[in-house]
Amino acid sequence: MYVALADELSSLVKAGKLKSGDRLPSVRRLMTQRGVSATTAIAALRALEERGFAVARPQSGYFAKSAAPLALEPDASRPPSGPKNVGIGELLMQVIDASLDAQIAPLGAATADPSLFPARRMQKLASAIARRQPRVLSHYALDYSGADSLRRQLAKRYLDIGCHIPTEEILITNGCTEALNLALRTVTRAGDTVAVESPVYYVMLQTLQNLGVKALEIASHPRHGLQLAALEAGLRGKEGRRIKACLVSTNFSNPTGATMSDADKRRLVRLCELRGVALIEDDIYGDLQHSGPRPLPAKAFDESGNVMLCSSFSKTLAPGARIGWLCGGRRWRALGSQKLASSGASAVLFQEVIAELLKSGGYERHLNKLRTTFARQVQHMSSAVERHFPEDTKISQPDGGFVIWVQLARKVDVLQLFEMARNEGVNFAPGPLFSASGRYQNFLRLNCGQDFTPRLESAVRTLGELACELRRRTPK
Ligand SMILES: Cc1ncc(COP(=O)(O)O)c(C=O)c1O
């Protein structure tokens, strides 16, 4: 109840209906107006403060705080038309290598602080399950589609949010990465083209490169996501026939944090169906809204089974377990045979642990805390960028997930910034990683998954100073 109340108050602040400095309803008023207990009212106000939408003033109560950064949002993308062969491998390895180095400030890979996940609870569940079901480790897991318990829990969760997915269409995978690979391999061949939103998560580009498939980058807006008119133009264009799939992150996309509206998701599903193009949806951040209800995946609007929904628990619960899933729609049998050949079954013990957490409601309770934490961390990071970066910097304002997309002045070379920052012990994901055509030379993605400690503040300050130095060196 307190989360619902905090969500409602957050939306009032976000929509500007409660302005910065406005007094928020007192605990007593919330109790009488909303019929909630004092504990619920206090918890809601505290959650609001944690999310960065309120400040407590001693003896005076809570006051609204506008969480929206003053900086503008980055520009909508305008990628070139025409499919491109992808080649981002070396730069990607540099970012990942730096992410493995504990001495380097972790603003690069999109990883959350390990302390945010219920590791102790999962350890206990794992040993209880291994004792109760000794077969879980000693028997060959022949069912490549995954543990029934987990598949049923996933189907139930989807039903709870208004999305009917039959259990048999759900395939458990080794992370979202394997799900995306299986989906792509099932519908494309070398030489084909896949339409991707631009900017796009770099491993998707790497996967296309490995498959010998070209990427057609489609314009997207930093708040509203993939631009359907641009996709339509691409499908009608002279290379349109070669487009076999469209790969989109509909909710809190990485790196922009954009979310498509339900109307756009519905149109996207129809358009792909009409044009005979498979829709591969990556919904890995969908459970991580900062407030309000969980956004629907495009899969919720899929009547013909053309959407393949990919996701995992890597961002929400257990990055080390490598458990993901793929809701295959009408291609579920072909996807199953790809999975069998790709890696056989995924580790059953972890699947059982997660199924139990879902069943007990523990996952949902954990998510409630995690969402508030990510909202706060994104807020801290955005404010720090505003404080330390050049004045004309633009920053995305995601409503979920834990990365921000930052646009510097046009002539600032972010690859140069990347080199300089690494020498100073700071990592980040440079913009060109997110494009098949080397775009976003003046953009960077910052990870907000870690606790915003003084060390991170100092890393952002260093990055900001370097960006200011490069900005000064470049003519307007
Ligand atoms: C958009 C997106 N999809 C997929 C993945 C990979 O997920 P997994 O680690 O479950 O393979 C990531 C991880 O950063 C991601 O950001």
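Residues numbered from 1 in each chain as written. Predicted model: local features only at pLDDT ≥ 70, side-chain atom pairs only at ≥ 80, totals over all residues. Heavy atoms only, no water.

(A) Quick peek at the environment of Gln227. For Gln227, the position within the fold is in the loop between β7 (225-226) and α10 (228-236). The exposure class of Gln227 is partly exposed, given its relative accessible area of 31%. Remark: the alpha-carbon pair of Gln227 and Gln133, spanning 94 residues in sequence, is separated by 49 Å. The residues contacting Gln227, other than those within four sequence positions of it, are Ile218, Ala219, Ser220 and His221. (Helix = DSSP H or I, 4+ residues; strand = E, 2+ residues; numbered from the N terminus. Buried < 20%, exposed > 50% of the residue type's maximum accessible area, 1.4 Å probe, protein only. Contact = heavy atoms within 4.5 Å.)

(B) The site of the ligand, seen in detail. Around the ligand, the structure places Gly175, Cys176, Thr177, Tyr201, Asn254, Asp282, Ile284, Tyr285, Ser312, Ser314, Lys315 and Arg322. Between the ligand and Thr177, the relevant distance is 2.5 Å, taken from an oxygen atom to a side-chain nitrogen or oxygen of the residue. One of the side-chain nitrogen or oxygen atoms of Asp282 is found 2.5 Å away from a nitrogen atom of the ligand. Relative to its unbound accessible surface of 400 Å², the ligand loses 92% to contact with the protein. Here the ligand is seated within the largest pocket. Considering each element in turn, the shell around the ligand owes the most residues, 3 residues, to helix α8 (residues 175-187). Its residues assigned to classes, the shell around the ligand shows 4 nonpolar, 5 polar and 3 charged. (Near = heavy atom within 4 Å. Polar contact = N/O pair within 3.5 Å; in protein donor to acceptor, adjacent residues only side chain to side chain. Areas by Shrake-Rupley, 256 points an atom, 1.4 Å probe, with all protein chains shown as cover. 1 Å grid on protein atoms, 1.4 Å probe; cavity = no way out; pocket = protein on both sides within 12 Å on 5 of 7 lines; lining within 4 Å. Sits in = over half its atoms within 2 Å of the grid points. Nonpolar A, V, L, I, M, F, W, Y, C, P; charged D, E, K, R; others polar.)

(C) Structural detail: the sheet that holds strand β11 (residues 323-327). The mixed open sheet is built from 8 strands, whose spatial order is β4-β11-β10-β9-β8-β5-β6-β7. Across the chains shown, the open sheet's two edge strands, defined by having one partner strand only, are β4 (170-174) and β7. Two strands pair when backbone bridges link them, and strand β6 (residues 214-221) and β7 are joined in this way by 2 bridges, in the antiparallel orientation. For Ser220, the partnering residue across the bridge sits in β7 and is Leu226. The strands touched by helix α12 (residues 332-343) within the sheet are β4, β10 (307-312) and β11, with β4 carrying the most contacts at an inclination of about 20°. (Pairing = 2+ DSSP bridges. Axes fitted to C-alpha atoms, helices over the stretch in contact; angles between N-to-C directions.)

(D) How the structure looks around helix α3 (residues 38-50). Over its 13 residues, α3 extends 18 Å from the first C-alpha to the last, a length consistent with the 18 Å expected when each residue adds 1.5 Å. Phi for Gly52, located one or two positions after α3, is positive at around 90°. (Expected span 1.5 Å × (residues − 1).)

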